[in-house]
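# Survey of secondary and tertiary structure
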Amino acid sequence: MAVGFIAWGRFLDAAGNKITVPAPTTEPHSPWLWDFIRSQAAALGSSFDIVQLPPWSLAQGGAGVGCDGYGVFQRRNLNGTRYGSLESLMAAVAALNAHGCQTYGDLVLHQMIGENGGPGVFRYVGADGKTMNGRGQTTPGWFRGGMKEDDPIPPFCPEDDVPVPADDFPFGREVSYQHCHPAQVTENDAKDYLTWSQARTGAVGFRFDDTKGTWAPAVRAIMDALPQAPFYSEYFDGDPANLNWWTTSAPLSGRSAVEDFTLHFAIQAACNGFDATQFDQGSAGYWQWNSGLSVGFVDNPDTDTTPGEQVVFNKGIAYAYLLTLPLRLALVYGKDYYPSSVWPGAYGLQPLIDNLCWISRMFAVGGYQVHWVDRDVHVASRDGNGGPIGWSGGLLTAINFNTLSPRTITCSTPFGPNRWLHDYTGHHPDIWTDGNGNATFTIPSNAWSGGQSYLCFAPGGVSRPYPAIARTTTQTVFAAADLDVMPARNQPAHLPQRIYCMKNTSASLQLSASVPLNGAIAATVSDTSGKVIAEHRIGTEARHTSGAVVNTGWHTVSVQGFGLPAAGSPFHLTITYTGSAG
């Protein structure tokens, strides 16, 4: 199981208005989230495998305090958002890679908001910042719901055959993938945007938003534009049979994992009701049907701010339970994690969650078994059999909801006879299993409803950090008049985004373009002193050199053409380097 981090949150101000990731200063302020994530990359890498980012495209609300990115206006504009600039986003992804975290984007393709050329018409400037030739411009034939009498859109595309029409609530202009005009124009644009944004940012996977309201064949086709990329989807449904039907039947056929809302509501019922039997009541999670396609979470930005859906009590217990389960991915919500000094209004469980993430990543592999359950107590284990990744030693997690009384339990374990066990939460002294492999221990009371009455036993003597896999980052610039970078011209030009490199590493370039006879294009990376450390020139006087990064900091990427036509030459430039948290 991978452990991921939802790196944003929704908050409420004194008047009940939603605020997206408030900065630790008084509003208004400069967008800051991407820069903050980069600064936190080393710490995040010690606890998490994946960081889930919020939507990065320009939304109708721009950088406004309540804009979360789901009201997408221009898909291919990654500047001007609530979260920061494209340069800062690229640097954050690279820093996370360097410290062992891979990045997932949030793919919002169900709706668009902010039409500026009439009903159903979205128009954008191109790379020069003034000509209205930006890629992805729409016509009314892109959208469905045109039969609504109060807001007609010719040519009246009918509704798509989405999985559950009754749950497809109107939100902006809803994109038609089944009935659009011309045929497949919306699917093709979505594929183009997906492949462009993945290469531009260096993200490895994606959350696919609102698949319950999106035509399923298009969802599968869009995902397959990146055949090696992992996906998980938001299919908002509390019935595991419905989740299983959408996820495993055609056309998805297991291509995407799914957010396990059934598990969320089981956790909510157990933790808010102080009732451990809810963890095993009926179908208490899609993970029980197909753990390899289940993405579990305690809360997320939607459930946390929706009355009746929040986990209000015992969140420490909730994470102890979640991080023991066999899942494809377990997600920690950033609002649960950070203290209010970082995000005003956040819940500050970072020390508890960091400890539980280490325990989970170190020991929570192999078969899952429940050993004890009553209203107060739940005890479950992982047997440690990780198959090709080896044996972890196993894990036994015990929780107690009772706010007044500790509970002493004797139960079977996966550890075998006469084994030394350590509680890695620090809540219990070391114990030994008996000759039958059973263990006896006392779970503390849930005093003051503090949600810290849990134990995590595993073989003693383990103190090493979980190993982080440092990775380089590869990001690609696509220079074209209808995108965000101008074609190469016959004069030097700095690219709009710099790269933030770690010292004592290397940087390299790979340039691709069509150049005329006797023409050339040269791309370079220059360090903080202006010295060129890497170059790729194609055409005349071709050369290709990689170079060492001497100092950590911002590095400038430049492109110059020689003997090119007046309109310039489009190019692709792939940049590989190692990022840094700063």
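Preceding this section is the structure that the text describes.
We now turn to the structure provided with this report.

Thresholds, definitions, all that
Residues numbered from 1 in each chain as written. Predicted model: local features only at pLDDT ≥ 70, side-chain atom pairs only at ≥ 80, totals over all residues. Heavy atoms only, no water. Helix = DSSP H or I, 4+ residues; strand = E, 2+ residues; numbered from the N terminus. Rg over C-alpha atoms; globule rule 2.2 N^0.38 Å. Buried < 20%, exposed > 50% of the residue type's maximum accessible area, 1.4 Å probe, protein only. Contact = heavy atoms within 4.5 Å. Lys, Arg positive; Asp, Glu negative; His and termini not counted. Charge placed at Lys NZ, Arg CZ, Asp CG, Glu CD. Phe/Tyr/Trp six-rings, centres within 6.5 Å; stacked < 30°, edge-to-face > 60°. Lys NZ or Arg CZ within 6 Å of the ring centre and 35° of its normal. Pairing = 2+ DSSP bridges. Axes fitted to C-alpha atoms, helices over the stretch in contact; angles between N-to-C directions. 1 Å grid on protein atoms, 1.4 Å probe; cavity = no way out; pocket = protein on both sides within 12 Å on 5 of 7 lines; lining within 4 Å. Points joined across faces, edges and corners; volume = space filled by probe spheres on them. Nonpolar A, V, L, I, M, F, W, Y, C, P; charged D, E, K, R; others polar. Polar contact = N/O pair within 3.5 Å; in protein donor to acceptor, adjacent residues only side chain to side chain.

This next bit is on the overall build of the protein chain. From N to C terminus, the protein chain includes eleven helices and 32 strands. Relative to its length of 582 residues, the protein chain is compact, with a C-alpha radius of gyration of 26 Å against a globular reference of 25 Å. When the 582 residues of the protein chain are sorted by exposure, 56% land in the buried category. Counted over contacts in the protein chain with a minimum sequence separation of 6, partners at least 24 positions apart contribute 70%. Across the protein chain, the mean location of the 34 positive side-chain charges is 9 Å away from that of the 48 negative side-chain charges.

In this structure the tally under the stated criterion is 32 aromatic pairs. On the basis of an interplanar angle of 20 degrees and a centroid distance of 3.8 Å, the ring pair of F279 and Y321 is categorised as stacked. Of the two residues, F279 is situated in the loop between α7 (261–273) and β13 (294–297) and Y321 in helix α9 (residues 315–322); the sequence distance between them amounts to 42 residues. Accessibility expressed as a relative area gives 4% for Y321, which makes it buried. For the pair W358 and Y424, a centre-to-centre distance of 5.4 Å together with 50 degrees between the ring planes defines the contact as tilted. Here W358 is found in helix α11 (residues 350–363), whereas its partner Y424 is found in the loop between β19 (420–423) and β20 (431–432), with 66 residues between them in sequence. Within the aromatic cluster, the residues linked to one another by ring pairs are F5, F11, W32, F36, F48, Y337, Y338 and W343. The ring of F11 has K335 sitting right over it, with the charged end atom 4.7 Å from the ring centre. Its guanidinium or amino end placed over the ring of F562, R537 lies 4.4 Å from that ring's centre, counting from NZ or CZ.

Strand order in this closed barrel of eight strands is β1-β4-β7-β10-β11-β12-β13-β14, and the pairing throughout is parallel. If you compare each strand with its neighbour and ignore which way they point, the axes differ by 25 degrees on average. Pairing between strand β11 (residues 231–233) and strand β12 (residues 257–259): two bridges, direction parallel. In the sheet register, S233 faces β12, and the bridge partner there is V258.

This next bit is on the sheet that holds β19. The six strands lie next to each other as β15-β16-β17-β22-β19-β20, forming an open sheet whose pairing is antiparallel. If you trace the sheet from one side to the other, it starts and ends with β15 (368–373) and β20, each paired once. In terms of strand pairing, β19 meets strand β22 (residues 454–459) through three bridges, oriented antiparallel. The residue of β22 that forms the bridge with D423 is F457.

Moving on, we come to the layout of surface pockets. Counted as a void, the largest pocket has a volume near 570 Å³. Along the walls of the largest pocket sit 20 residues, with F169, D210, E234, F236 and D302 positioned nearest its centre. Within the lining of the largest pocket, the residues separate by chemical class into five nonpolar, four polar and eleven charged. Taken as a whole, the second largest pocket spans an internal volume of roughly 350 Å³. Of all the elements in the fold, those that place two or more residues in the lining of the second largest pocket are β7 (102–107) and β11. Looking at the lining of the second largest pocket residue by residue, the class counts come to twelve nonpolar, three polar and four charged.

A separate point is the environment of Y347. Locating Y347 in the fold gives a position in the loop between α10 (334–337) and α11. Among the residues examined, Y347 registers a relative accessible area of 38% and is labelled partly exposed. For the pair Y347 and G334, spaced 13 residues apart in the sequence, the C-alpha separation amounts to 9.1 Å. In this structure, Y347 is in contact with D304, K315, K335, D336 and Y338, ignoring residues within four places of it in sequence. At a separation of 3.2 Å, a polar atom in the side chain of Y347 contacts the side chain of D304.

Note that all results are geometric; they support no functional claim without further evidence.
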